[in-house]
Number of protein chains: 2
Amino acid sequence: MFTDTSVQEIEILIGKSQKAFEQYRQLPLSARAGFMRTIGEELEKAGDELIHIAMKETNLPEARLRNERTRTIFQLTSYADACEKGNWLDIRIDIADLQRNPIKPDIRKMLVPLGPVVVYGASNFPFAYSTAGGDTASAFAAGCSVIVKAHPAHPETSDRVSKAIKDAISRCGLPEDLFIHIFGSAPELGKSLITNHHIKAVGFTGSFTAGKALFDWANQRKEPIPVFAEMGSVNPVFLLPEKLKESADEMAQNYAGSITLGAGQFCTNPGLIIGIEGQDLDRFVTALGLAISQIAPATMLHKGIAKAYQQKKALALAQPGTSLVASGTAVPDNLKAIPAIASVHGKTFLTNPLLHQEVFGPYSLVIRCKNEAEMLEVALHLEGQLTATLMATETDMRNNKFLVAAVQDICGRLIMNGVPTGVEVCLAMHHGGPYPATTDSRFSSVGADAIKRFARPVAYQNWPDSLLPDELKNANPLLIWRTVNNELTNKEITA
Amino acid sequence: MFTDTSVQEIEILIGKSQKAFEQYRQLPLSARAGFMRTIGEELEKAGDELIHIAMKETNLPEARLRNERTRTIFQLTSYADACEKGNWLDIRIDIADLQRNPIKPDIRKMLVPLGPVVVYGASNFPFAYSTAGGDTASAFAAGCSVIVKAHPAHPETSDRVSKAIKDAISRCGLPEDLFIHIFGSAPELGKSLITNHHIKAVGFTGSFTAGKALFDWANQRKEPIPVFAEMGSVNPVFLLPEKLKESADEMAQNYAGSITLGAGQFCTNPGLIIGIEGQDLDRFVTALGLAISQIAPATMLHKGIAKAYQQKKALALAQPGTSLVASGTAVPDNLKAIPAIASVHGKTFLTNPLLHQEVFGPYSLVIRCKNEAEMLEVALHLEGQLTATLMATETDMRNNKFLVAAVQDICGRLIMNGVPTGVEVCLAMHHGGPYPATTDSRFSSVGADAIKRFARPVAYQNWPDSLLPDELKNANPLLIWRTVNNELTNKEITA
C-alpha cells in the first residue's frame, strides 16, 4: 500500500531536510511553539477517522487510543510551552570586566539545535511515541528538522499523523521539508539514514537489537552522532520485608493490574518481582497468581509481538528451576496474550542471564531470595532499567541502605510504593536509565527536558548586543531565566 | 623513577575506587566543596617546589606555571562554590495531585554521580588540565571517585600534585581511595582501565588518535560509557572584508601574538586564517609575516612535541600550492619551535584534507579565497572545532549570514573580534565543540557546567519527604534554585 523509499531518494530527501533546517532554526521560539500547537490541533481535527485507523492497525481499544492521542497533544503543547519559555536553553552570561588585567571577555552561552534528526517510532504507542510523538516534538522544539521512518506495524496511522504535521507546516507557512515521512524496513535504508553526514541525532524506541545496531552505526561514522534509543526494561520491583508483611494482598492486586495493563505491552511493565522467602512472600505470590488467573487474555498489537511473547515466555518457563505459578485461561486466538506468573530461586536467577531478559507481554517472574543479602546480590547483578520500584516502609528503607543505593544505580526512575506503569508527562519525569535500558542515561525521552537531546551549547564571546540572538540580549526581551554572573535572574542586564 | 601499574593491580585499585565512591556519594554537597577547597590549599602549600618540578619537566616559564597553578586553584574553588550552590543539579519537582483522576504522582528529579571516573591529563597544561585539573575537579564536584593516569611527560609534577590531593583527603577524613594515581603508558593498561565495568566515565585531553581509541573502547563495552575527549582543533579565523580593510595591521599584530603564545601549544591556537584575496589581505599577510619573523623561537614542552611540530610543519609546507610566507630565525636547539606562517589558495585547501589538520605549535596557514562564496565553501568543509573567530564589522556580519551560520555549526565557542587563545574559567564558557574537536559536543570541559559530565538524572517518584535527599526535600534546606511545577524558585514547598 505504501511504497518503500529507496536509498537514492533518501539522499535527496535528507538534503531537503537540511535546507528546511537552515530556515527553521532562524525562527523565534514562539514560531516553533505555534507550529507545535498547530500539530496538536490537526491531530484533534483528524477526529474519529484517525482513531479508527489506529484501532484497525494496532488492536488497541478505542478508549486507550483516545487517551493516547490526548497525551500526544499534551506533549506537543507542553513542550511548546517549555520551548517558548526558554529556560531549557540553559543560558549562562558572564559579563565583561574591562578593568581586569587581562580583560575579562563577555561570554554568553545557550543551546542551539543540532540539525536534521531521524526518528524511529515505537509500535506500542502509535501516537505518543511514534510519528508525532515525544521524539518528534522534542526535535521541533529544539529547532531541528525531522525525518520519521514510519513504523511498519502501523503505516496507515503514521501516514495520517504525517498528514496532520504537514497540514500544520502549511498552515504555519513553514518550509515543506521540515518534516519528511518515509516508508521501508530494509536494513540498508536504516543505515543510509543514520550514516548520512547531514543527520545529527537519532531518536528510537524499540528492541535492543535494533537500537544497538543504530548506536553502532552512529558511532562508526566519520563524525559520530548521538543516538537516543530506548530499548526495553524489566523494571524490577523489590518487596521489602515489613511492607510485604503489611500489604501482601493489596500489592498482589495492584501488581496483577500493572502486569496485565495494555496486554503487558508497556516499556515500564514490571517483569521481575524480588522478595525474600517466607510466609509473607507465599501469601503475595498466591494472591498474585489467583488475580492473574482471573484476568482475561487481551489482544496484542500484532502477530509478530504475540508470537514473540509466546516463544519468550515458553523459553523462560523452560529454564531449569523456573516454575509456573499461575496462568490465565487459554483461548483459541493467536493474537491474545495469556498472562502468566513464574517463580525462581535467587541463586538460580543469578546464574542464568536469560532470566534477566524482558518477556514483552503480561508476564512477571517472582525471584525468591533466601535473605536480604541475596536480594542485594540480585540488585547488583541487574542491568540498567528504565524504572525500579521499592515496596517498602520507612523502616525497610532505613534498614536497607545498600540495597536502596544499588537499586538507584540501575534505574532512571525510582518509585516507592507504586507501580512502574504510567509515565507522567512532566518536567520532573526521567524516562531514561543506564544502558541497556537506553543508550544515553543522561537524557529523558519524556517531559520537556527531552528537548535538550537535540541541542548543544555554543558560547558567544565578545559579540555586540545588537548581533546576539534575542535569547542572549541585555534587554532579555523573552523574559527567560538566565544565569548572569553566577546568579539566576529573569531580569534584563543593565550596564 | 615511577613504577608502572600492572593490569592486575588496576583491577584491585578500581574495586577500591568503587568502594570509596560508595562512601563519598553519601556526603553532602558542602563536604565535597570543602574537600575541593582543601585541595586548592594543598596546591598552594606545595609552594615553589611544585613550580620548580614542573619547570624542569615541561620547559614552561615560571610565570606561566605560577599563573596556571592559580587558575587550577580557581577552578577547584569555583567548581566547589557551584557544587555547594547546587543549581547544577537541574532539580525539577512536580508535586502530587491527589484530586486528579488518575492521581498525579509526586516526582522529583536531580542529577546523581555516575561512579568512578578515569582521567587522562594533558601534557600542555601540567596543572590546569592534568592531575588536579578541570576533569578531576568536575568529577569530585559531581560526587565521583577519580583515577588519574599520570601524563608520561610530567610524572614528577603529577606525583607531587597527587600528594596534594591525598593530603586533602586525609585532612578532610575522606576515604583514602577516593583518588588513585597510577603510572604507565602501555596500551593494555589504558584499555584495562576503560573496559573495567566499575568505570562509568572518562575525561581525556590529548591527540585525536588516543582520544578516538578511548572512545571506541568505551563504546564497545558491554555497557558503553561516556568519553569526554578533547582532541585538538585548528580554530579557524575568518577575516571579513570591511574589518580587514579597517584593521589589517592591528589584527596582524594581535594574531602574531596569539599564534606564538606559549610556543603555540594551546588547544585554541589559531591554525587557519581565512580571507579574501586582495590588497587588504596582502597587507595583513605582510604585516603578520613581518611580526612572526621577529618573534624568537620558544622552547616546547618536550622533544616529542618539538619533533612532531617540525615534521608536521614540513609536511604541510610540502603540500602542492602551499608556500611559506614567513618564518622565525633558525636556532641550534631541537627543543625550540620556529614560528611560521604559510599560505594557500582556497581551492587548493578545499581539495587537500592534510591541510585541514592541526600543526601543534606556533604555525598558522592563511587561506586566500577568491571570493565570499569560496570562503563559505571553506567554512562548510571544515571539521568540528573548539573555537571559531569572526573578525568582522556589524556590516560584515549582516552581509554574511550564511557564513556566520556555517561557522557557528562547526564550533563550540564563536568569538567576534578577538583571539581564540585564552579560555576564561566561567559558567558561560563552552570549551567543547563538534567532533572531532571533542567526542561529545553537548558538554564543556571548562566552567562549572563541566560537572554535569559526570552525573545523570534520577527521578524519585512517590517518596516520603523524610527519605528524599536534602536537595529534594520540601523545606529546601540547601536553598537551591529548583523548578517546581514548571516555575523556577529557591523557596521551600508548602503543602
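Residues numbered from 1 in each chain as written. Chains lettered and ligands numbered in written order. Predicted model: local features only at pLDDT ≥ 70, side-chain atom pairs only at ≥ 80, totals over all residues. Heavy atoms only, no water.

Q: Please provide a residue-by-residue account of the relation of the copies chain A and chain B, values included.
A: Of the transformation superimposing chain A on chain B, the axial component is 0.0 Å and the angular component is 180°, with the fit at an RMSD of 0.0 Å. Both copies of the chain, as the preceding transformation shows, are related through a two-fold rotation axis. Ranked by how close their C-alpha atoms come to the rotation axis, the residues of chain A are headed by A:Asn219, at 3.9 Å. (Least-squares fit on C-alpha atoms with pLDDT ≥ 70 in both.)

Q: An account of the environment of B:Val419 is needed here, citing residue identities and associated values.
A: Residue and element names in this part refer to chain B. Inspection of the secondary structure puts Val419 in the loop between strand E16 (411-416) and strand E17 (455-461). Given the relative accessible area of 25%, Val419 is considered partly exposed. A sequence separation of 19 residues divides Val419 from Thr438, and the C-alpha atoms of the two residues are 20 Å apart. Apart from the residues within four sequence positions on either side, Val419 is in contact with Asn254, Tyr255 and Ser258. (Helix = DSSP H or I, 4+ residues; strand = E, 2+ residues; numbered from the N terminus. Buried < 20%, exposed > 50% of the residue type's maximum accessible area, 1.4 Å probe, protein only. Contact = heavy atoms within 4.5 Å.)

Q: Let's hear about helix H10 (residues 279-293) of chain A: which residues, and what values?
A: All names here are of chain A. Taking 1.5 Å per residue, 15 residues should reach 21 Å; H10 reaches 21 Å between its end C-alpha atoms and fits that length. Those residues of H10 that fall on the buried side of the exposure criterion are Leu281, Phe284, Val285, Ala287, Leu288, Gly289, Ala291 and Ile292. Of the surrounding elements, those touching the buried residues of H10 are strand E8 (237-239), helix H9 (241-260), strand E9 (272-276), strand E11 (323-327), strand E13 (340-345) and strand E14 (363-369). (Expected span 1.5 Å × (residues − 1).)

Q: A description of the sheet that holds strand E5 (residues 179-182) of chain A should follow, citing residues and the corresponding values.
A: Residues and elements named next belong to chain A. The parallel open sheet is built from five strands, whose spatial order is E5-E4-E3-E6-E7. Each edge of the sheet is formed by a strand with only one pairing partner; in this case those strands are E5 and strand E7 (227-230). For this sheet the average axis-to-axis angle between neighbouring strands, irrespective of direction, equals 15°. Taken together, the four bridges between strand E4 (residues 146-149) and E5 define a ladder with parallel strand orientation. Opposite Ile147, over in E5, you have Ile180 as the bridge partner. (Pairing = 2+ DSSP bridges. Axes fitted to C-alpha atoms, helices over the stretch in contact; angles between N-to-C directions.)

Q: Run through the interface of chain A and chain B, naming residues and quoting values.
A: Bring the parts together and some accessible area is lost; that lost area is often taken as the interface size. Of the residues lining the interface, 71 residues belong to chain A; the matching set on chain B comes to 71 residues. Summed over both partners, the interface of chain A with chain B comes to about 6,300 Å²; 51% of that surface belongs to carbon and sulfur atoms. There are 14 salt bridges connecting chain A and chain B. Only strand E1 (92-94), strand E2 (107-113), helix H8 (208-220), helix H14 (394-399), helix H15 (401-409), strand E16 (411-416), strand E17 (455-461) and strand E19 (487-489) of chain A provide two or more residues apiece to the side of chain A that touches chain B. Broken down by element, the residue count for the side of chain A that touches chain B peaks at seven residues, all from E17(A). When its residues are assigned to classes, the side of chain A that touches chain B shows 35 nonpolar, 12 polar and 24 charged. (Buried area = accessible area lost by both parts, 1.4 Å probe. Salt bridge = Lys/Arg side-chain N within 4 Å of Asp/Glu carboxyl O. Nonpolar A, V, L, I, M, F, W, Y, C, P; charged D, E, K, R; others polar.)

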